[in-house]
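Here is what each chain is made of, one letter per residue.
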Amino acid sequence: MSSLQTSIAYLKGVGQARADLFAKELRIFTYADLLNFFPNRYIDRTQFFKIKQLQSNDSEVQIVGKITSFKTVQQKRGSRLIATFIDETGSIELVWFRGAKWIKDTLKVNIPYVIFGKVNSFKNSFSMPHPEMELVSQYKKNLRTAMQPIYPSTEKLNNKGLTNRVVQKIIQNLFTEINRKFEETLSNEIVNNLQLLGKSEAMFNIHFPKSQILLTQAKKRLKFEELFFIQLQLIRKKIIHKSKIRGYIFEKVGAHFNDFYKKHLPFDLTNAQKRVLREIRKDVANGAQMNRLLQGDVGSGKTIVAVLSILIALDNGFQAALIAPTEILATQHFNAINELLCELPITVKLLTGSSKKTERKIIHKALENGDLQILIGTHALLEDKVKFKNLGLSIIDEQHRFGVAQRSKMWLKSSPEEKVGGVFTPPHILVMTATPIPRTLAMSVYGDLDISVIDELPPGRKSIKTLHRYDKNRLGVFKFIRDEITKGRQIYIVYPLIQESEKMDYKDLMDGFESISREFPIPQYQISIVHGKMKSADKEYEMQRFIKRETQIMVATTVIEVGVNVPNASVMIIESAERFGLSQLHQLRGRVGRGSDQSYCILMSSFKLTEDAKTRLQTMVKTNDGFEIAEVDLKIRGPGNLMGTQQSGVLNLKIADIVKDASILKKARSVAIEVLQKDHNLSLPEHKNISDTYQKIIKNRGIWSNIS
Ligand code: ADP
Ligand code: MG
């Protein structure tokens, strides 16, 4: 048997020229690549249609019947042959534009045929151009694969003669060459328990299905296998991480935590917050480094969880850092945390790009000698000059705004002296995100992280009412704004700012600002404006005016998207809402609904909307649930455009689809966990197949190369 790593140039029917084409057009190099090049659809020749059942959208159908008559119709260019074809339910026309004479001579009238082709419909009558025809008597004799595979192709391949038929033949040759035999990759136990097809049978039936049922089973088996080995890698990575990367042990919950919890906590924690806190406490006490992702919808109260975790670090003699993606957000965290902790003997400082040099020096020094316990900041915190005495916990807010490189820099911030047993010890890491990640995606992308979810909003929140309005309703919207301002509420009006068309967006924003200024004139109304081109001091000034209620309206670009917390602001107007993605809309809406008043989100759009835009706006109107929204987003955009997927294998899947195959994914994950729980190193004889395959994957890095 040939090695599956053999170049396809050596395969019968291929040769160097075709091999080059395969490589260039489809990135197929080896036997293995070609075997894993799966058809994207099949023509089903197991089903027969009755003429009565035909519909205008039928693609390719197969019918049994007979020709009753022929006629030739003269046209400008040559002639056209038309045959009337009937079965017991009706009749259709068969049409030939070429070879009329020859066809007329070969086809027989009143003899049963199986015909196959694409159906066209015109005013309730159907026709089939250039059908494939076979006498029923012959059809019965012929051995065939019932389902014809159709492989993905490119124009170039077709032009160079690598048609579907040729590709099919080449793959047939390959199956012959390797004797149709594949090594089993899964254990007998898994194959039997899940009633999966064996590897060889699955491979054969994915290319040349003997029936619809076998095709379905083949797909299921191969999808399972693909997802199983991804999960196996992710979970193994997690196990190795836990056993190899030592972490500081925070053994006690001490004075800071208890004092704050008993005397200064401004509200009762929700059950979800308590649960997450327990998960974190367990993580930081077990001797391994915590590497946890905290997901919680906007407004679910992640900050207080961060604060309590920080207090545990402090109670154990460590420093803590909190980093946020924007200056506004970092400042807001600083103010909020300072206020929460003001009664405790704890020092907190803020470090951002606009911190003064003298202030920086003070901070650097206090960090190094340990006087400073909590540092909150932006990217400025990652600079090499910033050194901690003993950083025990790093929290990263809105982590999707940070690159992997920046995140990993946090790891190196721990002090050189404080090592556990002389081994490098990174701080515990907690990353927080308000962008809910669909469970299936989280399993695939963050399968190596521990995940906590705050799935409960603090009590007493009124759910935000979301409305969709068109430009022509603008006057009504202005009236609504005026009424809400009269009630003492504050309003956000947000304009899209999308990089490529920044100039135009900026103009939109300024035009909008002008017309709003006209509609809401001073001195009765005061308006703040915040956008990315402003100096951060000016931005901060305008934000503060809004926070202090000196202005009633905040006109802004998406800079306010993340984290901003002004509970009195209860109306969010989003202009050109059709231009925003779903997760961005959801983030923006999360700026309101933070106080006890009824809040509103109004999505303004033009009248003409694409189907996707309609779905997005309808979804927003229908639900406030971040996870539901994330699922819709995943369906619309596919995993390729969602955060984090670039680093994961989900984009490179050959056959599985993490959206459509969610249930197979869950099964694959639980089976992978079971296997590894029983056998960490895959050394049991019963796991030999799995272990061999796993080693090959690690070695070849073929389709799995994107798993880091
Ligand atoms: P996010 O998860 O979006 O970062 P925040 O931490 O900013 O949310 O919390 C949103 C608001 O909810 C804040 O004003 C916070 O004080 C408040 N909050 C958080 N937890 C609770 C709770 N358990 N009960 C009442 N209010 C809470
Ligand atoms: Mg937040």
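Residues numbered from 1 in each chain as written. Chains lettered and ligands numbered in written order. Predicted model: local features only at pLDDT ≥ 70, side-chain atom pairs only at ≥ 80, totals over all residues. Heavy atoms only, no water.

1. Notes on the site of ligand 1
Inclusion rule: When we say a residue is near a molecule or strand, we mean one of its heavy atoms is within 4 Å of it. Pairs of N or O atoms within 3.5 Å make up the polar contacts considered here, provided that, within protein, one atom can donate a hydrogen while the other can accept it, and that residues adjacent in sequence are counted only when both atoms are side-chain atoms. What sets the accessible areas is the Shrake-Rupley method with a 1.4 Å probe; for residues, cover comes only from the shown protein chains. Each residue gets one label: Ala, Val, Leu, Ile, Met, Phe, Trp, Tyr, Cys and Pro are nonpolar, Asp, Glu, Lys and Arg are charged, and the others, such as Gly, are polar.
Around ligand 1, 16 residues are found, and the nearest of them are Asp 268, Gly 299, Lys 302, Thr 303 and Arg 461. Taking Lys 302, its side chain carries an N or O atom lying 2.8 Å from an oxygen atom of ligand 1. For ligand 1, whose free accessible area comes to 570 Å², the fraction covered by protein is 81%. Considering only residue class, the shell around ligand 1 consists of 4 nonpolar, 7 polar and 5 charged.

2. Quick look at the sheet that holds strand β21 (residues 569-574)
Put simply, the test is: Only strands joined by at least two bridges in the DSSP assignment are considered to pair. Put simply, DSSP H or I for four residues or longer makes a helix, DSSP E for two residues or longer makes a strand, and each gets a number counted from the N terminus. Lines are fitted to the C-alpha atoms to define the axes, a helix being fitted only along its stretch in contact, and any angle between axes, read from their N-to-C directions, falls within 0 to 180 degrees.
Strand order in the open sheet formed by 6 strands is β17-β22-β21-β18-β20-β19, with parallel pairing between adjacent strands. The strands lining the two open edges of the sheet, one partner per strand, are β17 (465-470) and β19 (527-530). Taking the axes of each pair of neighbouring strands and ignoring which way they run, one obtains an average angle of 20 degrees across the sheet. Pairing analysis gives 6 bridges linking β17 to strand β22 (residues 600-605), with the strands arranged parallel. Bridge pairing in β22 places Leu 467 opposite Ile 602.

3. Some points on the packing of aromatic side chains
The geometry of an aromatic ring pair comes down to the distance between the two centres and the angle between the two planes. The cut-off we apply is this: Between the rings of Phe, Tyr and Trp (Trp by its six-membered ring), a pair exists once the centres lie within 6.5 Å; its type follows the angle of the planes, with under 30 degrees stacked, over 60 edge-to-face, and the other angles tilted.
All chains considered together, the criterion is met by 15 aromatic pairs. Pairing Phe 250 with Phe 318 gives two aromatic rings, centres 5.1 Å apart and planes at 40 degrees, and the pair type is tilted. Here Phe 318 lies in the loop between α12 (302-315) and β11 (319-323) and Phe 250 lies in the loop between α9 (212-244) and α10 (255-264), a separation of 68 residues in the sequence.

4. Remarks on the sheet that holds strand β13 (residues 374-377)
Convention followed: Every residue pair with non-hydrogen atoms within 4.5 Å of one another is taken to be in contact.
Taken in spatial order, the 7 strands line up as β12-β13-β11-β14-β15-β10-β16 in an open sheet, and their pairing is parallel. This sheet does not close on itself; its edge strands, each paired only once, are β12 (348-351) and β16 (450-454). The mean inter-strand angle of the sheet, taken between neighbouring strand axes irrespective of direction, is 20 degrees. For β12 and β13, the ladder comprises 4 bridges, and the chain directions are parallel. Within β13, the residue paired with Val 348 across the bridge is Ile 374. Relative to β16, helix α11 (residues 271-285) is tilted by about 160 degrees, and along the sheet it contacts β10 (291-296), β15 (428-433) and β16. Relative to the sheet, helix α14 (residues 357-369) contacts β11, β12 and β13, its axis offset from that of β12 by approximately 130 degrees.

5. Section: the domain arrangement of the chain
Formally: Each domain's extent is set by a domain assignment, obtained either automatically or from a database.
Structurally, the chain comprises domain 1 (46-144), domain 2 (255-454) and domain 3 (465-623). Taken over C-alpha atoms, the centre of domain 1 sits 61 Å from the centre of domain 3.

6. Quick word on the side chain of Arg 292
Note the cut-off: Burial classes follow relative accessibility: with a 1.4 Å probe on protein chains only, a residue under 20% of its type's maximum area counts as buried, one over 50% as exposed, and anything between as partly exposed.
Position of Arg 292 relative to the elements: it lies in strand β10. Its relative accessible area of 8% is what places Arg 292 among the buried residues. Looking at Arg 292, its side chain comes within polar contact range of the side chain of Ser 452, at 2.7 Å. Those residues in contact with Arg 292 that sit more than four places away from it in its chain are Glu 279, Ile 280, Asp 283, Ile 429, Leu 430, Val 431, Asp 450, Ile 451 and Ser 452.

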